Number of protein chains: 2
Amino acid sequence: MNIEMIEAAAARLKGHARRTPMLTSPFLDKIARRRILIKPECLQHTGSFKYRGARSAISALEGPGGVVAYSSGNHAQGVALAAKELGRPAVIVMPADAPQVKIENTRALGAEVVLYDRETEDREKIGKALSQERDLTLVRPFDEPQVIAGQGTVGLEIAEQAAELGVTAGDVLVCCGGGGLTSGIALALEARAPGLRPRPVEPEEFDDVTRSLRSGKIERNTRLSGSLCDAIITPQPGVLTFPILKRLCGPGIVVPEEDCLRAMALAADRLKLVTEPGGAIALAAALFHGDHIKGDAAVVMISGGNVDMPVLVRALSDYGDSA
Amino acid sequence: MNIEMIEAAAARLKGHARRTPMLTSPFLDKIARRRILIKPECLQHTGSFKYRGARSAISALEGPGGVVAYSSGNHAQGVALAAKELGRPAVIVMPADAPQVKIENTRALGAEVVLYDRETEDREKIGKALSQERDLTLVRPFDEPQVIAGQGTVGLEIAEQAAELGVTAGDVLVCCGGGGLTSGIALALEARAPGLRPRPVEPEEFDDVTRSLRSGKIERNTRLSGSLCDAIITPQPGVLTFPILKRLCGPGIVVPEEDCLRAMALAADRLKLVTEPGGAIALAAALFHGDHIKGDAAVVMISGGNVDMPVLVRALSDYGDSA
């Protein structure tokens, strides 16, 4: 993994991935007690940064043939759209109890959806079996070099846009699941904005990356469900991503879930953005846990906006106008 | 009014106004039964396009001194922020019964707020009196050349961004109150994208521009309150704006208010944007009134996102996930 791979991914994504803007709000700066620059990947195609990694990986494939991925959410939609655009069939392995609307969205993006029973079946096994039987390339959600390279293109944009706004030093807060986004951004910043330091942000009780960074070795989550931030919950940091995180990131920041709902209400009110709980966790860290952050300015990743309406309504009803 | 004034405004706004992206969604294309390109000015500073006109007008002032404006909403915040940035005092005349949060926001942006009684006092008179007594320049909300020029900078961006996406012909749907935004966009498109035709969009019962375009002379609204789309309700088209609208616009499109709520839910779900009812009315026209639109592609302005939380919650609760 190196900056050249990220630059090459950026060239493949050009004209396809959106260059999302960098947003600011004097009201949020006041709450955060420092200047914050917000990179809203909820405005990316399919509503999350995952499209970048998916398009990067699928556009780097040699030879013909389709792809397979397992995901209940953002990676599924990213892979489905990128495969469709690139003229390759896509099979997405999704849990049968996933929200119907997500299954329908993935189908509407042209993918074949294979359902499995979350209680009794193993999605990785199903993915591998499909890959072999039907000669499909497996696109892993994060532990995949060209996926990391694609997510790293966000880091190139952050480096440029932050410099345009006069910010060349400070923490870059990134919501972190398996570490694909965080490690991609970290590699890009190392090369293009060495004064910006990535900081993984995780929900309480699902802080595998924070604990792994502290102990220096891969630690696992004890639970894998029951979080509002479901989109960023993974068992443990990746084999490819963790060494990058360990080398380049500052300490992790752990945030209570409820703060994500408060941050969602403020993102709606002050930035006019719809965010998902996991997607707003870095904003929650910036707004409500500033004591753990250094410097006069910070960059905040909003990673996605694919939220179930009842959760959004709850955030706005409980915390809107007064968050 | 001419394209040179808009280009000059764009030069003054460079590095200050955000260049908002042009968004697309295959899901919305399907509902609209044509390709739609969405220009989200809810992502502009202060949550609406009004910042452009305000910054254009205030940055064009000669000599020192402050400004005064009357507005209960988006223009107030645009003028307050632009004046603060440019180091000029701003006085905003607001109705005493405006939502407290809007009054506080305007004050937080550094403006002095003068409250008046909507039932017994005339805001224009108060504005003029303040202007004379305190030597403040009045920044009118739409019938003001440099305000129109500032709003026209959206049109320059639409011309460029639509061409990048391969769209050089079709209707450009613009929510229309006094006509400042629509006339500015119309002048920009006339010069830079003559195949794109502006179409004003208004709520039912508040269709002064549509009727004026039909009759060829300025027609008034019979009511001025009681609309969800309060931000785009004005008594009649402007003296400066109407001749431009008449010369350059296609027929107006009139949309029931309830469709704005449906469009708001879809903007949240598919674009991850928070919109206000009047700000979503052009999207409502594109999605639900396509029979009135010509061509394979249309451009849709989303003008603002400053919505009261209960209205947003109502839109999402009533129409989310199933709009």
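What you see is a predicted model; the values in this text were computed from it and never measured. (Residues numbered from 1 in each chain as written. Chains lettered and ligands numbered in written order. Predicted model: local features only at pLDDT ≥ 70, side-chain atom pairs only at ≥ 80, totals over all residues. Heavy atoms only, no water.)

Peer 1: Would you mind going over the domain arrangement of chain A in detail, with residue names and values included?
Peer 2: Residue and element names in this part refer to chain A. When its domains are assigned, chain A resolves into domain 1 (3–49 + 145–319) and domain 2 (50–138). Using only C-alpha atoms to locate each centre, domain 1 and domain 2 end up separated by 24 Å. Listed as interface residues are 26 residues of domain 1 and, on the opposing side, 16 residues of domain 2. Per-residue buried area on domain 1 facing domain 2 is highest for Arg12, Thr46 and Phe49; these three make up 30% of the total on that side. Across the domain 1-domain 2 interface, the total number found is two salt bridges. When the shortest N-O distance is used, the salt bridge between Arg52 and Glu41 registers 2.6 Å. Listing elements by their share of the side of domain 1 that touches domain 2, those giving two or more residues are helix 1 (3–13) and helix 7 (145–164). (Domains from an automatic or database assignment. Contact = heavy atoms within 4.5 Å. Buried area = accessible area lost by both parts, 1.4 Å probe. Salt bridge = Lys/Arg side-chain N within 4 Å of Asp/Glu carboxyl O. Helix = DSSP H or I, 4+ residues; strand = E, 2+ residues; numbered from the N terminus.)

Peer 1: Give me the environment of Arg134 of chain B: which residues, what numbers.
Peer 2: All names here are of chain B. In this structure, Arg134 sits in helix 6 (residues 123–134). Each C-alpha atom, one on Arg134 and one on Gly66, is 8.6 Å from the other, the two residues being 68 residues apart in sequence. When sequence neighbours within four positions are dropped, the list of residues in contact with Arg134 reads Val91 and Glu112. Here the side chain of Arg134 touches Glu112 through a polar contact of 2.8 Å, side chain to side chain. (Polar contact = N/O pair within 3.5 Å; in protein donor to acceptor, adjacent residues only side chain to side chain.)

Peer 1: Please give an account of the state of the cysteines that cites residues and values.
Peer 2: One pass over the full model with this rule turns up zero disulfides over all chains. Here Cys42 of chain A stays free of any disulfide, with the sulfur of Cys175 of chain A as its closest cysteine sulfur at 11 Å. (Disulfide = S-S within 2.5 Å.)

Peer 1: Explain the interface of chain B and chain A residue by residue, including any values.
Peer 2: Counting residues at the interface gives 31 residues for chain B and 31 residues for chain A. Both faces considered, chain B and chain A share a buried interface measuring about 2600 Å² in area, 66% of it formed by carbon and sulfur atoms. Counting the contacts that link chain B with chain A gives zero salt bridges. Secondary structure elements with two or more residues in the side of chain B that touches chain A: helix 2 (26–32), helix 5 (100–108), helix 11 (257–271) and helix 13 (309–319) of chain B. Residues of the side of chain B that touches chain A, tallied by class, amount to 18 nonpolar, eight polar and five charged. (Nonpolar A, V, L, I, M, F, W, Y, C, P; charged D, E, K, R; others polar.)

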